[in-house]
Amino acid sequence: MAVRIHLTFCVLKSVRNKMTSCSCFKRNIRSLVTLNRDVNNTNKGEIRARILGIETSCDDTGAAVVNEKGEIIGNALHSQTETTVSLGGVLPQYAKALHKKHIDTIVKDALQKAQLHPKELDAVAVTVEPGMPLSLEVGLSYAKQMVLEHGLPMIPIHHMEAHALTARMVEQIDFPFLVFLASGGHCLLAVARDVDDFLLLGNCTDCAPGDAFDKVARRLKLKTLPECTGKSGGAMIEHLSRCGNRDTFNAPDVFFKKRSCNFSFHGIKSHYMRYILEEESKQGIEGSGVISNASDLCASFQYAILRHMCRPLQRALVFCDNNNLLAETKTVVLSGGVACNRYLRHGIEKVCVTHGARLVVPPPELCTDNGIMIAWNGIEKYLCGRGFVDDPQSVCYRNRSPLGTDITEEVTKAHIKVKLIDLGL
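Quick summary incoming for the structure in this document.

Here is what the cut-offs are and how they apply
- Residues numbered from 1 in each chain as written.
- Predicted model: local features only at pLDDT ≥ 70, side-chain atom pairs only at ≥ 80, totals over all residues.
- Heavy atoms only, no water.
- Phe/Tyr/Trp six-rings, centres within 6.5 Å; stacked < 30°, edge-to-face > 60°.
- Helix = DSSP H or I, 4+ residues; strand = E, 2+ residues; numbered from the N terminus.
- Buried < 20%, exposed > 50% of the residue type's maximum accessible area, 1.4 Å probe, protein only.
- Lys NZ or Arg CZ within 6 Å of the ring centre and 35° of its normal.
- Contact = heavy atoms within 4.5 Å.
- Pairing = 2+ DSSP bridges.
- Salt bridge = Lys/Arg side-chain N within 4 Å of Asp/Glu carboxyl O.
- Axes fitted to C-alpha atoms, helices over the stretch in contact; angles between N-to-C directions.

1. Description of the packing of aromatic side chains
This model, assessed by the stated rule, comprises eight aromatic pairs. With a centroid separation of 5.3 Å and an interplanar angle of 75 degrees, the aromatic rings of Tyr272 and Phe301 are classed as edge-to-face. In this pair, Tyr272 is assigned in helix 9 (residues 266–283) and Phe301 in helix 10 (residues 294–322), connecting sequence segments 29 residues apart. On the accessibility criterion, Tyr272 (0% relative accessible area) is buried. Ring-pair connections join several aromatic residues into one group, and the members of that group are Phe213, Phe249, Tyr272, Tyr275 and Phe301. For Arg246, the ring lying beneath its charged end belongs to Tyr303, and the centroid distance is 3.8 Å.

2. Focus: helix 8 (residues 233–241)
Three or four residues apart is the spacing at which side chains of an α-helix point the same way, because the helix has 3.6 residues per turn. Counting buried residues in helix 8 gives seven out of nine residues, a clear majority hidden from the surface. For helix 8, the complete set of buried residues consists of Gly233, Gly234, Met236, Ile237, Glu238, Leu240 and Ser241. On its buried side, helix 8 packs onto helix 3 (81–87), helix 7 (209–220), helix 10 and helix 11 (342–354).

3. Some words on the pairing of strand 3 (residues 72–78)
In this sheet, strand 3 lies alongside strand 2 (residues 61–67) in antiparallel orientation, the contact comprising six bridges. From the neighbouring strand, Thr61 faces strand 3, where its bridge partner is His78. Hairpin connection of strand 2 to strand 3: four residues between the antiparallel strands, including Gly70 at a positive phi of 85 degrees.

4. Quick look at the sheet that holds strand 11 (residues 405–406)
Taken in spatial order, the six strands make up an open sheet running 10-9-6-7-8-11, and their pairing is mixed. Because the sheet does not close on itself, it has two edges, and the strands there are strand 10 (358–360) and strand 11. Note that strand 8 (residues 197–202) and strand 11 share two bridges and pair parallel. Its bridge partner lying in strand 11, Leu200 is registered against Asp406.

5. Description of the pattern of salt bridges
The tally for this structure, following the rule as stated, stands at 18 salt bridges. Between Glu129 and Arg398 there is a salt bridge, with its nearest N and O atoms 2.7 Å apart. One end of the pair, Glu129, is in strand 4 (residues 123–129); the other, Arg398, is in the loop between helix 13 (371–383) and strand 11, and 269 residues separate them in sequence. Exposure remark for Arg398: the relative accessible area of 46% places this residue in the partly exposed category. Linking Arg242 and Glu238 is a salt bridge whose minimum nitrogen-to-oxygen distance equals 3.7 Å. Arg242 gets classed as exposed once you look at its relative accessible area, which sits at 59%. Note on Glu238: relative accessible area 12%, which makes it buried. Connected through shared salt-bridge partners, Asp194, Asp196 and Arg386 make up one network.

6. Quick look at unusual backbone geometry
For the bond from Phe175 to Pro176, the omega torsion is -5 degrees, close enough to zero to count as cis. In this structure, Pro176 sits in the loop between helix 6 (159–165) and strand 6 (177–182). You will see that Gln115, though not glycine, has its phi angle at about 55 degrees, which is positive. At His415, a position not held by glycine, the phi torsion is positive, near 50 degrees. Here His415 is to be found in the segment after helix 14 (408–413). Using a relative accessible area of 47% as the deciding quantity, one classes His415 as partly exposed.

7. Comments concerning the sheet that holds strand 5 (residues 154–158)
An order of 3-2-1-4-5 is seen for the five strands of this open sheet, with the pairing classed as mixed. Since the sheet does not close on itself, it has two edges, and those belong to strand 3 and strand 5, each with one partner. Direction aside, the axes of adjacent strands within the sheet are offset by 20 degrees on average. Along the sheet, helix 5 (residues 133–150) makes contact with strand 1 (50–55), strand 4 and strand 5, crossing strand 4 at roughly 155 degrees.

Set out below in structure tokens:
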């Protein structure tokens, strides 16, 4: 069997290296994947895929090599958090410059840790949508050059799909399940029915929760506090909230004209911006000074964000129950950078338990943007023979790209009324 496996992989590499015309690319890829899968069905212990993932959708440069067992055999990341905080936010031109500066080193570092030459990879997966155009361009251009030079297949990746499926790398989760993605650029609820089949139940109508965290932290000037050095805006607020009294400030609620699973964080953010202005005026704070009750304001703000996140989640769970959209063992996967906030996770878990669902949250290092989730999404698509492109050089990036099939109107028409549970926080 070992000889057969070895010979098969030699055939696979040979087939891939001879794919010189775009017209036969997809046909050869499908043959490669089918042959690979058939051989390994006779010996399931054999590793059958090693895919490099490249992530540059926003301000972090990530690359990783993952195999079909979910093992991370090489990983490297360059974070721009400190730069972003010092600049007061993500500036596209700066982000692009840093991506270009570090991407070659990051990819080579991941391959070195995996002890692989590029030609030994089975494919390159790269984020192409959605994200900041200048950032996406860097990762995609690098991937195009790499697959051209080494004769590798390319798998374009949807950033949000990658976030949604990352938890399957570390825990057994069967389709269908509910995805709750919350980050600096997104907040959505969707049913994941397959690797590339999603039903969008609710979306963000304005700024995302991570963006609201960053802007409130910046307006509070928290980066001037020693204990906040090197932290993101969300991490700063979570840190200060631990010793704050949320009841010192009234937490506003958000109401839509129609009951839906959509989110809106702009009003909450604006409300606390006014609080900060009022407190600075009362306390005579000027320049880089921080209000004395910043911890109380952070605690109240964090609670307001949580409360708003929970009600659409409740409606989504009820809608899924009414329409039999989830598996018998209901699972909610919480992912995205905001999922790193323990306070928010705790509150969302209470909602899930109340509705008879289990909550699965990937480890913090897999919640934020990284090459691992891109590589794993590539693995998922590789193993089912989907997602390959005929001509990698023709692939384009897109800054906006919805997740799956949008059924938000159907959810809104269901007019689901829910009472927010006692979060006990």
